[in-house]
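Report on the structure
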Amino acid sequence: MQHPRTSTTAPAPRPRPTRRAGRLATLAAAVTAVVGLTTLGGPAAHGADNPYERGPAPTESSIEALRGPYAVAETNVSRLAVSGFGGGTIYYPTSTTDGTFGAVAVSPGYTGTQSSIAWLGPRLASQGFVVFTIDTLTTLDQPDSRGNQLLAALDYLTGSSSVRNRIDSSRLGVMGHSMGGGGSLEAAKTRPSLQAAIPLTPWNLDKTWPEIKTPTLIFGADGDTIAPVATHAEPFYTTLPSSLDRAYLELNAATHFTPNTSNTTIAKYSISWLKRFIDNDTRYEQFLCPLPRPSLTIEEYRGNCPHTS
């Protein structure tokens with residue numbers, strides 16, 4: 001206010017300050033509206049726009065960490081209590097305040113058991129997923145059988161498991177190693193409603209996958225002599241529909257069995273892929289687009305950007 005213009009003998013008429021107050025109130029309302037619009041682009045409002053968003057805004061360090069923001073519990077599922085697969089272990093966030101979570105079933109490879117992919121359970125669950133590492137009916141099951149078993153495991157998770165009320169049955173994905181990776185492709189082919197598939201150094205006699213409609217991230221290994229990338233991971237990727245959100249990450253200085261032990265590169269990009277496509281969380285797009293460049297751990301990365309799903 002302009003105090004020097006105020007008269008000591010003849011106070012300013014009341015209508016003028018009233019109009020000024022009105023203008024100030026209008027200005028304040030406009031500022032509030034602008035602030036509100038600005039806030040809509042922030043993390044809190046983004047969460048309101050996307051009801052599936054879980055956890056704090058990610059950083060490089062948060063997705064490379066051994067554990068994410070959620071405390072995790074686990075429960076064992078006996079093969080005697082289920083049908084269609086060999087039981088397994090469910091890892092899940094203990095939080096009940098954030099609503100339901102997406103879920104992922106993970107299959108081991110040929111002659112393997114769930115212990116070979118167990119590291120993925122708590123690592124992914126701590127980022128806000130229910131994760132089911134399964135045993136197969138027999139360790140010699142082929143990829144098509146493993147695909148059916150992954151789907152049976154998801155049906156058990158969402159239909160009758162002790163954590164079914166923690167899961168959003170519309171947000172499901174599959175992962176697998178070796179023949180389990182080939183099985184994850186089979187599962188995605190069979191059930192196109194799946195939101196994400198991640199084959200890890202996959203093996204399958206079927207080399208073409210034009211039917212898949214699920215966003216798919218394929219990991220290969222440059223030193224794989226059991227499922228060489230030239231005859232497995234690469235043709236699997238190149239025959240996925242070009243319109244599909246898809247990616248191929250070839251691990252550097254890696255072997256067929258690299259996914260069997262804790263691996264930061266596998267975890268980082270798997271978390272980003274699952275968050276982006278199961279949770280529709282575009283905060284993770286920054287780790288997938290622009291495409292990651294070759295590094296000490298990445299031999300090659302291919303994919304489409306930006307993603308459209």
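Refer to the structure printed above.
Now for a look at the structure at hand. These figures come from a predicted structure and were not determined experimentally.

All told, the structure shown has nine aromatic pairs when counted by the stated rule. Look at Tyr237 and Tyr248: their rings are 6.0 Å apart centre to centre, the planes differ by 35°, and that puts the pair in the tilted class. Of the two residues, Tyr237 sits in helix H7 (residues 233-238) while Tyr248 sits in strand S8 (residues 246-251), which places them eleven residues apart along the sequence. Here Tyr237 and Tyr248 have matching classes, each one buried. By way of ring pairs, the aromatic residues Phe85, Phe132 and Tyr156 are connected into one cluster. Between Lys275 and the ring centre of Phe129, over which it is positioned, the NZ or CZ distance is 5.3 Å. We note Arg276 situated over the ring of Phe277; from NZ or CZ to the ring centre the distance is 4.9 Å.

All right, on to the state of the cysteines then. One pass over the full model with this rule turns up one disulfide. One disulfide in the model links Cys289 with Cys305; its S-S distance is 2.0 Å. On the S-S bond that ties Cys289 to Cys305, the torsion sits near -90°, and the link is left-handed. Here the residue Cys289 occupies a position in the loop between helix H8 (264-278) and strand S9 (298-303), and Cys305 occupies one in the segment after S9, the gap between them amounting to 16 residues.

What counts and how
- Residues numbered from 1 in each chain as written.
- Predicted model: local features only at pLDDT ≥ 70, side-chain atom pairs only at ≥ 80, totals over all residues.
- Heavy atoms only, no water.
- Phe/Tyr/Trp six-rings, centres within 6.5 Å; stacked < 30°, edge-to-face > 60°.
- Helix = DSSP H or I, 4+ residues; strand = E, 2+ residues; numbered from the N terminus.
- Buried < 20%, exposed > 50% of the residue type's maximum accessible area, 1.4 Å probe, protein only.
- Lys NZ or Arg CZ within 6 Å of the ring centre and 35° of its normal.
- Disulfide = S-S within 2.5 Å.

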